[in-house]
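Examining the three-dimensional arrangement
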Amino acid sequence: TISPRTGARMAEFRTTVTGNKTKLVTPPLNLTTLTNPQLTFYYANVNWVGDIDELRIFYKTSDTGAWVQIGTDYTAEQTSWTQVTLALPNPSATYYIAFEATSNWARGLNLEDVTVNGTLSNNDFNSSAFSLYPNPVKDNLNIGYKETVKNVEIYNLLGQMVASKNINANEGNIDLSALASGNYLAKVYFENSVKSIKIIKQ
(Lines give C-alpha, C1' and ligand atoms only; values in the text may rest on other atoms or scores of the structure.)
Protein backbone atom coordinates (compact mmCIF):
# COMPACT_ATOMS: atom_id res chain seq x y z
CA THR A 1 0.00 0.00 0.00
CA ILE A 2 3.07 2.29 0.06
CA SER A 3 4.60 3.76 -3.10
CA PRO A 4 8.05 5.39 -3.35
CA ARG A 5 8.06 8.90 -1.90
CA THR A 6 10.48 10.29 -4.49
CA GLY A 7 11.86 8.63 -7.59
CA ALA A 8 11.02 5.10 -8.63
CA ARG A 9 12.42 3.05 -5.73
CA MET A 10 12.39 2.70 -1.97
CA ALA A 11 13.77 0.23 0.58
CA GLU A 12 11.35 -2.37 1.90
CA PHE A 13 11.73 -5.27 4.34
CA ARG A 14 8.93 -7.82 4.49
CA THR A 15 8.83 -11.51 5.43
CA THR A 16 6.20 -14.05 6.48
CA VAL A 17 8.16 -15.11 9.59
CA THR A 18 7.59 -13.21 12.82
CA GLY A 19 10.82 -12.14 14.50
CA ASN A 20 12.99 -12.02 11.38
CA LYS A 21 15.42 -9.06 11.50
CA THR A 22 17.81 -7.28 9.19
CA LYS A 23 19.96 -4.14 9.23
CA LEU A 24 20.32 -1.77 6.29
CA VAL A 25 23.76 -0.20 6.91
CA THR A 26 25.30 2.90 5.37
CA PRO A 27 28.84 2.96 4.00
CA PRO A 28 31.31 4.53 6.46
CA LEU A 29 30.62 8.27 6.74
CA ASN A 30 33.15 10.92 7.75
CA LEU A 31 31.25 13.26 10.09
CA THR A 32 34.30 15.05 11.54
CA THR A 33 33.74 18.09 9.31
CA LEU A 34 30.20 18.63 10.65
CA THR A 35 28.95 20.42 13.75
CA ASN A 36 25.70 19.00 15.18
CA PRO A 37 25.23 16.28 12.51
CA GLN A 38 21.67 15.05 12.05
CA LEU A 39 20.02 12.08 10.37
CA THR A 40 16.72 12.59 8.55
CA PHE A 41 14.64 9.84 6.97
CA TYR A 42 11.07 8.86 6.09
CA TYR A 43 9.43 5.55 6.97
CA ALA A 44 6.07 3.77 6.88
CA ASN A 45 4.85 0.46 8.38
CA VAL A 46 1.26 -0.42 7.51
CA ASN A 47 -0.43 -3.06 9.71
CA TRP A 48 -1.75 -6.44 8.58
CA VAL A 49 -4.67 -7.66 10.73
CA GLY A 50 -3.27 -5.63 13.63
CA ASP A 51 0.36 -6.75 13.24
CA ILE A 52 2.94 -3.95 12.74
CA ASP A 53 6.56 -4.28 11.63
CA GLU A 54 9.12 -2.38 13.71
CA LEU A 55 12.03 0.00 13.08
CA ARG A 56 15.04 0.87 15.26
CA ILE A 57 18.04 3.11 14.47
CA PHE A 58 21.63 2.36 15.51
CA TYR A 59 25.06 3.90 15.01
CA LYS A 60 28.67 2.91 15.59
CA THR A 61 31.84 4.96 15.28
CA SER A 62 34.10 2.34 13.68
CA ASP A 63 33.91 -0.86 11.68
CA THR A 64 34.54 -2.99 14.79
CA GLY A 65 32.56 -0.81 17.21
CA ALA A 66 29.38 -1.85 19.02
CA TRP A 67 25.98 -0.76 17.73
CA VAL A 68 24.27 1.86 19.92
CA GLN A 69 20.57 2.63 19.54
CA ILE A 70 19.37 6.20 19.06
CA GLY A 71 15.83 7.51 18.88
CA THR A 72 13.01 5.29 20.05
CA ASP A 73 11.40 1.99 19.06
CA TYR A 74 9.24 2.87 16.04
CA THR A 75 6.49 0.33 16.64
CA ALA A 76 3.32 2.41 16.05
CA GLU A 77 1.68 2.14 12.63
CA GLN A 78 2.44 4.83 10.04
CA THR A 79 0.14 4.49 7.03
CA SER A 80 1.95 7.21 5.03
CA TRP A 81 5.49 8.53 4.82
CA THR A 82 6.55 9.92 8.22
CA GLN A 83 9.64 12.09 8.72
CA VAL A 84 12.10 11.51 11.56
CA THR A 85 15.14 13.67 12.43
CA LEU A 86 17.71 12.46 14.97
CA ALA A 87 20.91 14.02 16.32
CA LEU A 88 23.96 11.86 15.60
CA PRO A 89 26.17 11.59 18.71
CA ASN A 90 29.95 11.03 18.83
CA PRO A 91 30.80 11.86 15.17
CA SER A 92 33.85 10.08 13.80
CA ALA A 93 35.71 9.62 10.52
CA THR A 94 34.23 6.10 10.15
CA TYR A 95 30.61 6.49 11.21
CA TYR A 96 27.98 3.87 10.40
CA ILE A 97 24.19 4.17 10.63
CA ALA A 98 21.93 1.12 10.62
CA PHE A 99 18.18 0.87 10.10
CA GLU A 100 17.05 -2.33 11.82
CA ALA A 101 13.71 -3.83 10.77
CA THR A 102 11.87 -6.50 12.77
CA SER A 103 9.11 -8.46 11.09
CA ASN A 104 5.79 -9.06 12.85
CA TRP A 105 4.33 -10.53 9.65
CA ALA A 106 2.77 -7.22 8.67
CA ARG A 107 2.79 -5.41 5.33
CA GLY A 108 6.46 -4.49 5.56
CA LEU A 109 8.71 -1.67 6.68
CA ASN A 110 9.42 1.03 4.10
CA LEU A 111 12.34 3.50 4.14
CA GLU A 112 13.06 6.50 1.89
CA ASP A 113 15.06 9.72 1.48
CA VAL A 114 17.84 9.18 4.01
CA THR A 115 20.08 12.22 4.50
CA VAL A 116 22.83 13.30 6.91
CA ASN A 117 23.56 17.00 7.32
CA GLY A 118 25.02 19.55 9.69
CA THR A 119 27.10 22.73 9.83
CA LEU A 120 30.63 22.67 8.45
CA SER A 121 33.28 23.44 11.08
CA ASN A 122 35.75 26.23 10.35
CA ASN A 123 37.42 26.65 13.77
CA ASP A 124 39.75 29.72 13.85
CA PHE A 125 40.04 30.06 10.10
CA ASN A 126 40.91 33.32 8.26
CA SER A 127 39.00 33.14 4.97
CA SER A 128 40.64 36.26 3.51
CA ALA A 129 44.07 34.58 3.63
CA PHE A 130 42.90 31.38 1.92
CA SER A 131 42.69 30.46 -1.75
CA LEU A 132 41.33 27.34 -3.46
CA TYR A 133 40.97 27.32 -7.25
CA PRO A 134 39.73 26.56 -9.81
CA ASN A 135 36.29 25.53 -8.61
CA PRO A 136 34.81 23.86 -10.64
CA VAL A 137 38.04 21.94 -11.19
CA LYS A 138 39.06 19.74 -14.11
CA ASP A 139 42.57 18.53 -13.20
CA ASN A 140 44.67 20.23 -10.50
CA LEU A 141 43.10 21.90 -7.47
CA ASN A 142 45.37 24.67 -6.13
CA ILE A 143 45.42 25.54 -2.42
CA GLY A 144 47.13 28.37 -0.54
CA TYR A 145 47.04 29.89 2.96
CA LYS A 146 49.04 32.26 5.21
CA GLU A 147 49.91 29.25 7.42
CA THR A 148 51.32 25.87 6.44
CA VAL A 149 48.87 23.67 4.59
CA LYS A 150 49.50 20.28 6.18
CA ASN A 151 47.46 18.08 3.87
CA VAL A 152 44.24 17.92 1.88
CA GLU A 153 41.65 15.13 1.70
CA ILE A 154 38.85 14.78 -0.85
CA TYR A 155 35.60 13.02 0.10
CA ASN A 156 32.65 11.95 -2.00
CA LEU A 157 29.09 12.56 -0.82
CA LEU A 158 29.03 9.19 0.95
CA GLY A 159 31.84 10.41 3.21
CA GLN A 160 34.43 8.15 1.58
CA MET A 161 37.93 9.58 1.07
CA VAL A 162 38.73 9.35 -2.65
CA ALA A 163 41.99 11.35 -2.79
CA SER A 164 44.56 12.85 -0.42
CA LYS A 165 47.94 14.57 -0.50
CA ASN A 166 50.47 15.82 2.05
CA ILE A 167 51.53 19.39 1.16
CA ASN A 168 53.41 20.85 4.18
CA ALA A 169 53.83 24.25 2.53
CA ASN A 170 51.93 27.51 2.15
CA GLU A 171 50.91 26.54 -1.37
CA GLY A 172 50.29 23.27 -3.17
CA ASN A 173 47.93 21.34 -5.38
CA ILE A 174 46.23 17.98 -5.70
CA ASP A 175 45.53 16.12 -8.94
CA LEU A 176 41.82 15.30 -9.26
CA SER A 177 41.84 14.33 -12.93
CA ALA A 178 40.99 10.69 -12.11
CA LEU A 179 37.80 11.54 -10.23
CA ALA A 180 34.37 11.23 -11.84
CA SER A 181 32.40 14.40 -12.45
CA GLY A 182 30.26 15.48 -9.51
CA ASN A 183 30.27 17.15 -6.10
CA TYR A 184 32.95 16.50 -3.48
CA LEU A 185 34.13 17.87 -0.15
CA ALA A 186 37.71 19.13 0.20
CA LYS A 187 38.99 18.98 3.78
CA VAL A 188 42.14 21.09 4.18
CA TYR A 189 44.27 20.77 7.33
CA PHE A 190 46.42 23.62 8.65
CA GLU A 191 48.55 24.02 11.76
CA ASN A 192 45.68 25.09 14.01
CA SER A 193 42.51 24.78 11.96
CA VAL A 194 40.57 22.78 9.39
CA LYS A 195 38.63 24.11 6.40
CA SER A 196 35.94 22.14 4.55
CA ILE A 197 34.79 23.35 1.15
CA LYS A 198 32.39 21.91 -1.39
CA ILE A 199 34.03 21.51 -4.80
CA ILE A 200 32.70 20.54 -8.20
CA LYS A 201 34.67 18.18 -10.45
CA GLN A 202 34.07 18.78 -14.15
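Up top is the structure.
This text gives an overview of the structure that appears in the document. Note that the structure is a prediction, hence the values are computed from the model and not measured.

Of note, Lys 198 is situated in strand 13 (residues 194-201). For Lys 198, a relative accessible area of 54% gives the class exposed. The spacing of Lys 198 and Ala 186 is 12 residues in sequence and 6.2 Å in space, taken between C-alpha atoms. If near-sequence neighbours (up to four positions away) are discounted, Lys 198 is found in contact with Asn 135, Asn 183, Tyr 184 and Leu 185.

The subject of this paragraph is the pattern of salt bridges. Once their charged atoms are close, side chains differing in charge can pair, the charge on each being opposite to the other. Scanning the entire structure with this criterion turns up 5 salt bridges. Across the pair Arg 14 and Glu 12 runs a salt bridge, and its minimum N-O distance is 3.5 Å. Exposure remark for Arg 14: the relative accessible area of 54% places this residue in the exposed category. In this structure, a network of salt bridges that share partners links the residues Glu 54, Arg 56 and Asp 73.

Attention shifts here to the environment of Thr 115. Residue position: Thr 115 is located in strand 8 (residues 109-120). Through-space distance from the C-alpha of Thr 115 to that of Leu 88 is 12 Å; in sequence the pair is 27 residues apart. In this structure, Thr 115 is in contact with Gln 38, Leu 39 and Thr 40, ignoring residues within four places of it in sequence.

Time to look at the packing of aromatic side chains. For the structure on display, the rule yields 8 aromatic pairs. Between Tyr 59 and Tyr 95, the ring centres sit 5.4 Å apart and the planes meet at 5 degrees, which makes this aromatic pair stacked. Of this pair, Tyr 59 sits in strand 4 (residues 54-60) while Tyr 95 sits in the loop between strand 6 (78-87) and strand 7 (96-102), and the two are 36 residues apart along the sequence. For Tyr 95, a relative accessible area of 0% corresponds to the buried category. A ring pair is formed by Tyr 145 and Phe 190, whose centres lie 4.4 Å apart and whose planes are at 50 degrees; its orientation type is tilted. Taken as a pair, Tyr 145 in strand 10 (residues 140-155) and Phe 190 in strand 12 (residues 182-190) lie far apart in primary sequence, 45 residues in all. The class for Tyr 145 is buried, based on a relative accessible area of 6%. Of the aromatic side chains, those joined through ring pairs into one cluster are Phe 41, Tyr 43, Tyr 74 and Phe 99. Its guanidinium or amino end placed over the ring of Tyr 96, Lys 60 lies 5.4 Å from that ring's centre, counting from NZ or CZ.

Moving residue by residue along a regular strand, the side chains alternate between the two faces of the sheet. The pairing of strand 9 (residues 131-133) with strand 10 spans 3 bridges and is classified as antiparallel. Each residue of the ladder has a partner; that of Ser 131, found in strand 10, is Gly 144. Taking the residues between adjacent antiparallel strands as the criterion, strand 9 and strand 10 are bridged by 6 residues. As judged from the 11 bridges shared by strand 10 and strand 11 (residues 161-175), these two strands associate in the antiparallel manner. Within strand 11, the residue paired with Ile 143 across the bridge is Gly 172. Bridge count for strand 10 against strand 12 is 6 bridges, and the pairing is antiparallel. Each residue of the ladder has a partner; that of Ile 154, found in strand 12, is Ala 186.

Calculation rules
- Residues numbered from 1 in each chain as written.
- Predicted model: local features only at pLDDT ≥ 70, side-chain atom pairs only at ≥ 80, totals over all residues.
- Heavy atoms only, no water.
- Helix = DSSP H or I, 4+ residues; strand = E, 2+ residues; numbered from the N terminus.
- Buried < 20%, exposed > 50% of the residue type's maximum accessible area, 1.4 Å probe, protein only.
- Contact = heavy atoms within 4.5 Å.
- Salt bridge = Lys/Arg side-chain N within 4 Å of Asp/Glu carboxyl O.
- Phe/Tyr/Trp six-rings, centres within 6.5 Å; stacked < 30°, edge-to-face > 60°.
- Lys NZ or Arg CZ within 6 Å of the ring centre and 35° of its normal.
- Pairing = 2+ DSSP bridges.

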